[in-house]
Amino acid sequence: MGSHRLGGATLFALSARQVTKRFPGVLANDRVDFDLLPGEVHTLLGENGAGKSTLASVLCGLYKPDEGAVLRNGTQVRLTSPRHGLQNGIAMVHQHFRLVDRFTIAENVVLGHRNLPFRLRANDLEDQVAQVAERFGLPLDPRVTVGELSAGQRQRVEIVKALYQGAEILLLDEPTALLAPPEVEKLFETVRAMTQAGKSVVFVSHKLGEVVDISDRVTVMRDGRVTGSVARGEADTRKLAELMVGRDIDLSPRRSRVAAQETLLQLDKVGLTKDGIERIANISLSVRAGEIVGIAGVSGNGQRELAEIVAGLQAPTSGEILINGARVNGIGTRKVREAGLAYVPEDRLGTGLAPSLSIVDNLVLTRDRGFLVDRKSALVEAEAFIKQLEIKTPHAHTATRKLSGGNSQKVLLAREIFAAGDNSRVLVVCSPTRGLDVGAVEAVHKLLDEARSSGKAVLLISEDLDEVLTLADKVLVLYRGSVVHEVAGHEVDVEAVGLAMAGLS
Amino acid sequence: MNSNVWILTFADAISIATTLILATIGAILTERSGVINLGVEGILLMGAVTAFLVGDGTHNLWLALFMSVLVGVAMATVHAILTITLRANQIVAGLALVIFGTGLSQYIGKPVEGKSRPVTIEPMHLGKLSDIPVVGPILFGHDIFTYLTWAGALVCSLYLNRTRPGLVLRATGDAPATVDAQGVSVAMVRFVHTILGGALMGLAGGWFMLARGTAWSQAATTNGIGWIALSLVVFAAWRPLRAIAGAVLFGFTLQVPYTLQGQQINILPPEIVQMLPFVATLFVLVALSTPRARKLLGAPKMLGQPFVRDER
Ligand SMILES: Nc1ncnc2c1ncn2[C@@H]1O[C@H](COP(=O)(O)OP(=O)(O)O)[C@@H](O)[C@H]1O
Ligand SMILES: [Mg+2]
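Conventions used here
- Residues numbered from 1 in each chain as written.
- Chains lettered and ligands numbered in written order.
- Predicted model: local features only at pLDDT ≥ 70, side-chain atom pairs only at ≥ 80, totals over all residues.
- Heavy atoms only, no water.
- Helix = DSSP H or I, 4+ residues; strand = E, 2+ residues; numbered from the N terminus.
- Rg over C-alpha atoms; globule rule 2.2 N^0.38 Å.
- Buried < 20%, exposed > 50% of the residue type's maximum accessible area, 1.4 Å probe, protein only.
- Contact = heavy atoms within 4.5 Å.
- Lys, Arg positive; Asp, Glu negative; His and termini not counted.
- Charge placed at Lys NZ, Arg CZ, Asp CG, Glu CD.
- Patch = residues over 30% accessible without salt bridge, like charges linked within 9 Å, V, L, I, M, F, W, Y side chains within 5 Å.
- Areas by Shrake-Rupley, 256 points an atom, 1.4 Å probe, with all protein chains shown as cover.
- Salt bridge = Lys/Arg side-chain N within 4 Å of Asp/Glu carboxyl O.
- Phe/Tyr/Trp six-rings, centres within 6.5 Å; stacked < 30°, edge-to-face > 60°.
- Expected span 1.5 Å × (residues − 1).
- Polar contact = N/O pair within 3.5 Å; in protein donor to acceptor, adjacent residues only side chain to side chain.
- Core = buried A, V, L, I, M, F, W, Y, C linked by side-chain atoms within 4.5 Å.
- Pairing = 2+ DSSP bridges.
- Axes fitted to C-alpha atoms, helices over the stretch in contact; angles between N-to-C directions.
- Arc of directions from axis to C-beta.
- Near = heavy atom within 4 Å.
- Domains from an automatic or database assignment.
- Buried area = accessible area lost by both parts, 1.4 Å probe.
- Nonpolar A, V, L, I, M, F, W, Y, C, P; charged D, E, K, R; others polar.

Draft legend 1. Summary view of the overall build of chain A. Helix and strand counts for chain A stand at 17 helices and 22 strands. Relative to the 2.2 N^0.38 estimate, which gives 23 Å for 505 residues, the radius of gyration of chain A is 25 Å and therefore close to what a compact globule would have. Residues classed as buried in chain A amount to 52% of the 505 residues present. A fraction of 68% describes how many contacts in chain A between residues 6 or more apart in sequence connect residues 24 or more apart. Of note, chain A has its 61 positive side-chain charges centred 6 Å away from the centre of its 63 negative side-chain charges.

In structure tokens, the structure reads:
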């Protein structure tokens, strides 16, 4: 690492000194020190809730620290707003994008730029935006409406926006959370292009695997504190994992320990044709009590449709679905649930939970017994879950939208696995650990394993191949709506599965 | 049937459209910022009665119109304070303005109820243009405000689509958090445009009184035109230029029954047309009720929602 010395002291582009930030009931940042050198990629690593976003928000001027200071080029700056941060060359790309869907890319990029002329000439602006985008290897057509873009493209718009406004320091908050692997690679190229142009990047992440590649230095946070800072070369995943979690993590394979029993979920030649396109072709599979069947595949190969068909959200256009031997196709979600299905959708907060309701309310939401809710026993039950599953929350009455991804997923799983009762014996789970940190991944896997051991039939649909391989007793690969590969969990040949996923088997 | 009558009807339709356009643009500017002001009808009435009273007292046309603009500004300011600063429910605050405007205009207009208008906005004669057969009387026999209003719609459209503040305005209605993150005050943008919108609505009322109303009558002067303007906003998909077309269409619909009646043709009784504002009101409320409908119609995404900075 290069050191930039001036008058004997290292001159950092941006530093946090003993930054403390409290929220009601949480100490989000506890005397945090952080230093960013010019031209470096400095990763801020930590589990969800560790305080990374809070620190980044303090650094960009969104939050005012309760104590401590922010230094820009060695002198203290009192940032009062993100705008003020930007005037100091600091910009943050938030985890949740802040774009206007109905605007074009160019309009989004130039929005809020104070030195814009009163009269806007669309062509000029589009040219300028395209130029900035190109300089950093971010191909974008400035005339396209943002509402039509993928998550990866939106992120590029956010980055271009920051660069257009003259940012020297970019704080990227969980930039890879929504990206597919090839998009991540592209993002890394952009990050490199930016540092080559002399910009510095703070890369916030909770994913161990990816940060080693891109970072010049990794600073790890846990529970609001910095637990260590490791330079490139000294950083290995095991060390980082320990700093992150404070204990060893077990992500080794989990297989069924009980003999599988009767078939609970069966699909017989199920097909779905929509708008003249065959989305699901002739899928037959069965899941027995006490086993997990994993569906692997690259995103967009029919996973969503398959899950929705089984959950009763869509009716198949051909074939039969049997739960517990009873035919359930096309009878609607409610009846399907009554037949014994529990469903954990991919979109946790949108479809799975009611975001503004409390944990307690969400737990009793799908219960059908009676008209009145017994609040007291519901609360007791919720508190038991919170303790047992180590759900981090100020209170059982906290709205689920305020929970981190891992914790809200735990609530949802708790409801679908345990609170649903013994009547629900078929569990369909979609990408259950997407966007979660290692600790939470471990917890979710443990929960699914427990569901299996308790005799449920679990259908796990996941784009994360490692997850499928870790959990499934039987692996099926979905490609263009068909099952193209089928193998028992303990006999998996990873290469063969990979080829099948790419449609090459 | 006498073709002159139809020419007059078209001319009248375009004339009535002036009020509709002014009020609709006022509402568009307001709504583009994310604030919905259902008080249009109340502001129109207050603008009208103010123009009448000031005209009656001073016989100064310009002062009369200026005062109706001021009244519009005052009422919109109340709405802005209630909904932006105090985050009151925008629908309720708007309806309160209507009730307030209806009552107060009735009260202060009582002494002059039925009195004929004191000053008149005279139509212009545009020389040769006005003498063109058919087209002349329909298009070129109006007063200066009609033409200014058309120009205003164009300016407003350019403002929205081609200027920096227009860009910020559109963003404020759609994604206030984004605007806020850029360091622009959402409240300020909303205040400015709600008040600007109120000014236009006030002017719409004043103009209607002095150009088209023959006498002040609380019950009959604006006759629900404010509600029609609100539905025009939806019809126009929040675009000023489209508002012109919609306004002329509605102006025509409002005028035709009277023409027919004058011709002793009774296929469309005026009572039906008098229902139009109520239908329009229902239409607006239904159209804006569900997020789905709003999305379909292209309403500003955060229309009617107070903005609170969420620290998460
Ligand atoms: N605006 C807020 N209000 C209350 N609590 C918050 C807020 N933002 C973050 N927190 C809490 O502060 C802690 C740190 O959160 P955050 O910085 O978002 O973590 P990370 O980005 O590392 O996941 C968490 O416990 C979170 O619940
Ligand atoms: Mg975060």
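Draft legend 2. Quick look at a nonpolar patch on the surface. Where nonpolar side chains cluster on the molecular surface, the patch consists of L129, I132, V134, V135 and L139 of chain B and spans about 350 Å² of accessible area. Relative to the helices and strands, I132 of chain B resides in the loop between α5 (128–131) and α6 (135–139).

Draft legend 3. Structural detail: the packing of aromatic side chains. Following the criterion strictly, the structure yields six aromatic pairs over all chains and no others. Ring plane angle 65° and centroid distance 5.8 Å describe the contact between F188 of chain A and F203 of chain A, whose orientation is recorded as edge-to-face. Of this pair, F188 of chain A sits in helix α6 (residues 181–196) while F203 of chain A sits in strand β10 (residues 200–205); the two residues are 15 residues apart in sequence, bridging distant segments of the chain. Neither residue differs from the other here; F188 of chain A and F203 of chain A are each classed as buried. Pairing F235 of chain B with F250 of chain B gives two aromatic rings, centres 5.8 Å apart and planes at 55°, and the pair type is tilted. One end of the pair, F235 of chain B, is in helix α11 (residues 225–235); the other, F250 of chain B, is in helix α12 (residues 240–262), and 15 residues separate them in sequence. With a relative accessible area of 12%, F250 of chain B lands in the buried category.

Draft legend 4. Local environment of helix α7 (residues 144–162) of chain B. Residue and element names in this part refer to chain B. The end-to-end C-alpha distance of α7, which contains 19 residues, comes to 26 Å, matching closely the 27 Å that a straight helix rising 1.5 Å per residue would cover. Among the residues of α7, those classed as buried are F145, T146, Y147, T149, A153, C156, S157 and L160. For α7, the elements touching its buried residues are α1 (3–32), α3 (61–85), α6, α8 (164–174), α10 (186–212) and α12. Structurally, the start of α7 carries an N-cap: the backbone nitrogen of F145 is 2.8 Å from a side-chain oxygen of D143.

Draft legend 5. Looking closely at the nonpolar core. In this structure, I159 of chain A together with L210 of chain B are the most contacted members of the largest nonpolar core, which totals 117 residues. Setting aside anything within four residues of it in sequence, one finds L210 of chain B in contact with A51, L61, A64, L65, R117, V119, T120 and I121 of chain B. Counting residues in each nonpolar core, the second largest holds 44 residues, with A296, I359, V458 and L465 of chain A among its members.

Draft legend 6. Focus on the sheet that holds strand β13 (residues 263–274) of chain A. All names here are of chain A. Reading across the sheet, the four strands line up as β14-β13-β16-β17 and stay open at both edges, with antiparallel pairing between neighbours. The strands lining the two open edges of the sheet, one partner per strand, are β14 (277–288) and β17 (326–327). Docked against the sheet, helix α9 (residues 303–311) engages β13, β14 and β16 (318–323), running at close to 120° with respect to β13.

Draft legend 7. Just helix α17 (residues 494–501) of chain A, in detail. Residues and elements named next belong to chain A. Three or more residues of α17 are buried, namely V497, A500 and M501. Looking straight down α17, one finds that the buried residues subtend no more than 100° of arc, so they occupy a single side. Residues of α17 that are buried make contact with α16 (465–471), β21 (474–479) and β22 (482–488). Just past α17, the residue G503 takes up positive phi, approximately 80°.

Draft legend 8. Structural detail: the site of ligand 1. Neighbouring ligand 1 are 14 residues; G49, G51, K52, S53 and T54 of chain A lie closest to it. The residues that come close to ligand 1 belong to more than one chain, namely chains A and B. Interatomic distance of 2.6 Å between a backbone N/O atom of G49 of chain A and an oxygen atom of ligand 1. Coverage of ligand 1 by the protein chains reaches 79% of its 560 Å² of free accessible surface.

Draft legend 9. Representation of the domain arrangement of chain A within the structure. All names here are of chain A. Along its sequence, chain A is organised into domain 1 (5–245) and domain 2 (263–501). When each unit is reduced to the centre of its C-alpha atoms, the spacing between domain 1 and domain 2 is 34 Å. On the side of domain 2, 11 residues touch domain 1, which itself brings six residues to the contact. Taken together, the two surfaces of domain 1 and domain 2 that pack against each other cover about 670 Å², and 50% of this comes from carbon and sulfur. Counting the surface domain 1 buries against domain 2, the share from its top three residues, E47, N48 and H206, is 59%. Seen at the junction of domain 1 and domain 2, the total is zero salt bridges. Linking domain 1 with domain 2 are zero residue pairs in polar contact (both at pLDDT 80 or more), by the criterion used here. The residue inventory of the side of domain 1 that touches domain 2, partitioned by class, reads two nonpolar, two polar and two charged.

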